[in-house]
Protein chains: 2
Amino acid sequence: MVLLVYTFKSLGGIQLKKIINNPEDVVQDMIEGILKAHPSMLKNVPGTSVLIRAEAPVKGKVALISGGGSGHEPAHAGFVGKGMLDGAVAGEIFTSPTPDQIFAAIKAVDGGEGILLIIKNYTGDIMNFEMAAELAETEGLRVAKVVVNDDVAVENSTYTTGRRGIAGTVFVHKIAGALAERGASLDEVQQVAEKVVRNVRSMGMALTPCTVPAAGKPGFQIGEKEMEIGMGIHGEPGTARTELVSADEIAEILVSRILEDLQLQPGEQVALMINGLGSTPLMELYILNKKVAQILEERKIAIYDTYVGEFMTSLEMSGCSVTLLKLDDQLIELLEAPSDTVAWKK
Amino acid sequence: MVLLVYTFKSLGGIQLKKIINNPEDVVQDMIEGILKAHPSMLKNVPGTSVLIRAEAPVKGKVALISGGGSGHEPAHAGFVGKGMLDGAVAGEIFTSPTPDQIFAAIKAVDGGEGILLIIKNYTGDIMNFEMAAELAETEGLRVAKVVVNDDVAVENSTYTTGRRGIAGTVFVHKIAGALAERGASLDEVQQVAEKVVRNVRSMGMALTPCTVPAAGKPGFQIGEKEMEIGMGIHGEPGTARTELVSADEIAEILVSRILEDLQLQPGEQVALMINGLGSTPLMELYILNKKVAQILEERKIAIYDTYVGEFMTSLEMSGCSVTLLKLDDQLIELLEAPSDTVAWKK
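Please read these numbers as outputs of a predicted model, since none were measured by experiment.

J.: Would you take a moment to explain unusual backbone geometry for this structure?
T.: For residues besides glycine, phi is generally negative; the peptide bonds are generally trans as well. Going from Glu73 of chain A to Pro74 of chain A, the amide bond is cis rather than trans, its omega being 10°. Inspection of the secondary structure puts Pro74 of chain A in the loop between β3 (63-70) and β4 (81-82). For the bond running from Ala75 of chain B to His76 of chain B, omega is 0°, close enough to zero to count as cis. Residue placement: His76 of chain B occurs in the loop between β3 (63-70) and β4 (81-82). Positive phi is not limited to glycine here, since Gln263 of chain A has a value of about 55°. Relative to the helices and strands, Gln263 of chain A resides in the loop between α6 (247-262) and β11 (269-276). According to the relative accessible area criterion, Gln263 of chain A is exposed, its value standing at 52%. With a phi angle near 60°, Lys300 of chain A is a residue other than glycine that sits in the positive phi range.

Right, dumping it as structure tokens:
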């Protein structure tokens, strides 16, 4: 074994177990790293943290924009591309992007047919996306909005009035994006996005907290033998802090709460997403899926397709969320439509 | 906020922060969860932990099998499908599958044109895959082998004579799988697999250890302010245990060691993989990629394509590996060929 001797520079006193440089620069460094990795798919709106399709603006197509605080990767830049989003706006970690950044995204992707903003329901995001929409409208652009509030865990939470928007947002990207790609109007794209919002429900749980790099320590604690049910993707409180239970019991808790809300009938079809929050191994997500699928089978709900992986994360939080999307023929067809993005290829 | 009251069963005294049931059942539970998630793509060889293509055996095609200990998901079942593997054999966690399991896989995927075994270089895997090959040959099957040893960190390690096989193995799956799909012979498929092995180099580092569920505690420790350079995907020792450094310095350490070994010339092209070991957020992998790409640009090495994500993990270990594959026209064409697997769609 050869022992190498390296000369190390300091990490500025920050002793986070993270692969980063200056904690203040993580979002900018990440954006540059994304651009270097995917230059044929994505480009940057200069001077912003906005990533758009390499071919944007796509003339004659409704454009879709999403975004929000960073720390939820691959959301949302991973879903920018053919058949999904036209642009993603990245705020600082767990912090809404500013209206001028969102406005820059709107202008950059406008193809003349209007822009749909897909907003996760957090108070800061709602406010800033709405301000950006007003700025755009004063310049004569047509902007529509859809607010995703799929998290059935709690009615109101730290940063939200009403239900939070979490992993179900990705189904809105996929389905509204597919319809936009076919040349549908802004009204039609907005309507299908709203149908997805009506039909999608999620709920999550966490085993460990996460650390915002600039803060330097976890924003909250979960005891060694505890978990939190219904925790949000920024660590907002859930419904119960309890002792750690088995994967099968976690599945029962999450799915029964979702089904109670979604009122599915036997024979109906769903798309199922088992989403990891950042540091949960794929092995554990599949173990969870085994029981989730069994519960749905017992209730005679047909699983049309299952997506297992990381779609909407929370830095290195460990935990998961389960999302069910109730399907009809239109939604199935759009779910099956081609998409070519970094994190969702169909 | 509604506080729900749940009745919890016990987790058998195990207080792991994991989404699992019985620690002894994690591999079986995972396999069932994978099958429930992807029934149109994968099927099980009954009574084994072997997952094969839903359409296997594919008549008239060389079949490819890989596998090894579990805990490296999505490797290898995530790479089973059109254009990549025909079957994956899952051992217990970090434990080679037994010869009879591998033999069952060989028989299940045999399409009459021979079988290529893609083996990561660990002593147990080599021994068991070779025994399975002998069993198959006594039944008249043609079996060829390729051993992947891409890890440049150390020459010999805990479970290995010679260099270890890590994330570069996935490029062997992709490229040999693409050639097999076109109807090439067993010799041709083996030769291109060996070319990939000659051209691929990787090196990793870890920030935290991981816990094998049945063991119940981490197999090793890394200090609060430390990292380990060159650590293997089962926690085998690397080249240096050092203080934690920045993402840019990690990139320099890993890439310079790989380039020293791979002897790339200015103007040559590579495929680049930035692989997360299990609990490293995508954000950090992209931050690392920024510097890795810069280093390659400075050396005038062209990056043909970049793959960022989790390909070869180590349970919930935090850390990463960097892989470079030196390309030529044949390898580029095969890398671009269609593939339709759970974890690699092209």
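The discussion continues.
J.: Looking at this structure, I do not really get the interface of chain A and chain B. What am I missing?
T.: One widely used convention gives an interface's size as the accessible area the parts lose upon coming together. Listed as interface residues are 81 residues of chain A and, on the opposing side, 81 residues of chain B. Across the chain A to chain B interface the summed buried area is about 6,700 Å²; carbon plus sulfur atoms make up 65%. Linking chain A to chain B there are six salt bridges. With a shortest N-O distance of 3.3 Å, Lys36 of chain A and Glu297 of chain B are connected by a salt bridge. Taken together, the connections running from chain A to chain B amount to 24 residue pairs in polar contact (both at pLDDT 80 or more).

J.: Looking at this structure, how should I read the packing of helix α4 (residues 169-181) of chain B against helix α8 (residues 329-336) of chain B?
T.: Helices that pack against each other are described as a pair by the angle of their axes relative to one another and the distance between those axes. All names here are of chain B. Look at α4 against α8: their axes get within 8 Å of each other, and the N-to-C directions meet at 90°. Relative to α8, α4 is oriented roughly perpendicular. Between α4 and α8, the contacting residues are Phe171, Lys174, Ile175, Ala178 and Leu179 on the first element and Leu331, Leu334 and Leu335 on the second. Within the contact of α4 with α8, the residues separate by chemical class into seven nonpolar, no polar and one charged.

J.: Help me understand the side chain of Asn275 of chain B, please; the structure alone is not making it clear to me.
T.: Residue and element names in this part refer to chain B. Assignment of secondary structure puts Asn275 in strand β11 (residues 269-276). Using a relative accessible area of 0% as the deciding quantity, one classes Asn275 as buried. At 2.7 Å, the side chain of Asn275 forms a polar contact with the backbone nitrogen of Phe311. If near-sequence neighbours (up to four positions away) are discounted, Asn275 is found in contact with Ala167, Leu285, Gly309, Glu310, Phe311, Met312, Gly319, Cys320 and Ser321.

J.: What am I meant to see in the sheet that holds strand β2 (residues 50-53) of chain B here?
T.: Two orientations exist for strands paired in a sheet by backbone hydrogen bonds: parallel and antiparallel. Residue and element names in this part refer to chain B. Spatial strand order, β1-β2-β5-β3-β6-β7: six strands in an open sheet with mixed pairing. With one partner strand each, in any of the chains shown, β1 (42-44) and β7 (143-148) form the two edges of the open sheet. On average, each strand axis in the sheet is tilted by 25° relative to the strand beside it, whichever way the strands run. The pairing of β2 with strand β5 (residues 87-93) spans three bridges and is classified as antiparallel. Bridged to Val50 within β5 is Val89.

J.: Sorry, what's going on with helix α4 (residues 169-181) of chain A here?
T.: Working note: α-helix, 3.6 residues per turn, so residues spaced by three or four point in the same direction. All names here are of chain A. Taking 1.5 Å per residue as the helical rise, α4 with its 13 residues ought to reach 18 Å, and the 18 Å between its terminal C-alpha atoms agrees with that figure. With respect to burial, α4 is a largely interior element, 12 of its 13 residues being buried. Where α4 ends, the next residue or the one after it, Gly183, has phi of about 90°, a positive value.

J.: What should I look at first to understand the pairing of strand β9 (residues 226-229) of chain A in this one?
T.: Residue and element names in this part refer to chain A. Two elements, strand β8 (residues 200-208) and β9, share two bridges in a ladder whose sense is antiparallel. Opposite Met205, over in β9, you have Ile229 as the bridge partner. Pairing of β9 with strand β10 (residues 240-243), which is carried by four bridges, proceeds in the antiparallel orientation. Bridge assignment links Met227 to a residue of β10, and that residue is Thr242.

J.: Just checking my understanding: could you explain the relation of the copies chain A and chain B for this structure?
T.: Turning chain A through 180° and shifting it by 0.0 Å along the axis lays it on chain B, with an RMSD of 0.0 Å. Taken together, these values place the two copies in the relation of a two-fold axis. Measuring from the rotation axis to each C-alpha of chain A, the shortest distance belongs to Ser279 of chain A, at 1.8 Å. Of all interface residues in chain A, 100% are interface residues in chain B too; the two copies therefore contact each other through one and the same surface.

J.: Just to check I follow, could you spell out the domain arrangement of chain A for this structure?
T.: All names here are of chain A. The domains assigned to chain A are domain 1 (26-199) and domain 2 (200-341). Taken over C-alpha atoms, the centre of domain 1 sits 22 Å from the centre of domain 2. With 47 residues of domain 1 at the interface, the matching set in domain 2 holds 46 residues. In total, domain 1 and domain 2 occlude about 3,900 Å² of area from one another, counting both sides; carbon and sulfur atoms represent 64% of this. Considering only the surface of domain 1 that becomes buried against domain 2, Val152, Phe171 and Asn199 emerge as the three largest contributors, covering 18% of it. If you look at where domain 1 meets domain 2, you find three salt bridges.

J.: Is there a simple way to think about the packing of α4 of chain A against helix α5 (residues 186-199) of chain A in this case?
T.: Residue and element names in this part refer to chain A. In contact at an axis separation of 9 Å, α4 and α5 are set at 155° when each is read in the N-to-C sense. As the angle between them shows, α4 and α5 are arranged roughly antiparallel. The two elements α4 and α5 cross, and the hand of that crossing is right-handed. Contacts from Phe171, Val172, Ile175, Ala176, Leu179 and Ala180 of α4 reach α5 at Glu188, Val189, Val192, Ala193, Val196 and Val197. Considering only residue class, the contact of α4 with α5 consists of 11 nonpolar, no polar and one charged.

The rules behind these values
- Residues numbered from 1 in each chain as written.
- Chains lettered and ligands numbered in written order.
- Predicted model: local features only at pLDDT ≥ 70, side-chain atom pairs only at ≥ 80, totals over all residues.
- Heavy atoms only, no water.
- Helix = DSSP H or I, 4+ residues; strand = E, 2+ residues; numbered from the N terminus.
- Buried < 20%, exposed > 50% of the residue type's maximum accessible area, 1.4 Å probe, protein only.
- Contact = heavy atoms within 4.5 Å.
- Buried area = accessible area lost by both parts, 1.4 Å probe.
- Salt bridge = Lys/Arg side-chain N within 4 Å of Asp/Glu carboxyl O.
- Polar contact = N/O pair within 3.5 Å; in protein donor to acceptor, adjacent residues only side chain to side chain.
- Axes fitted to C-alpha atoms, helices over the stretch in contact; angles between N-to-C directions.
- Parallel < 35°, antiparallel > 145°, perpendicular 65-115°, else oblique.
- Nonpolar A, V, L, I, M, F, W, Y, C, P; charged D, E, K, R; others polar.
- Pairing = 2+ DSSP bridges.
- Expected span 1.5 Å × (residues − 1).
- Least-squares fit on C-alpha atoms with pLDDT ≥ 70 in both.
- Domains from an automatic or database assignment.
- Left-handed = near helix turned anticlockwise from the far one by under 90°.

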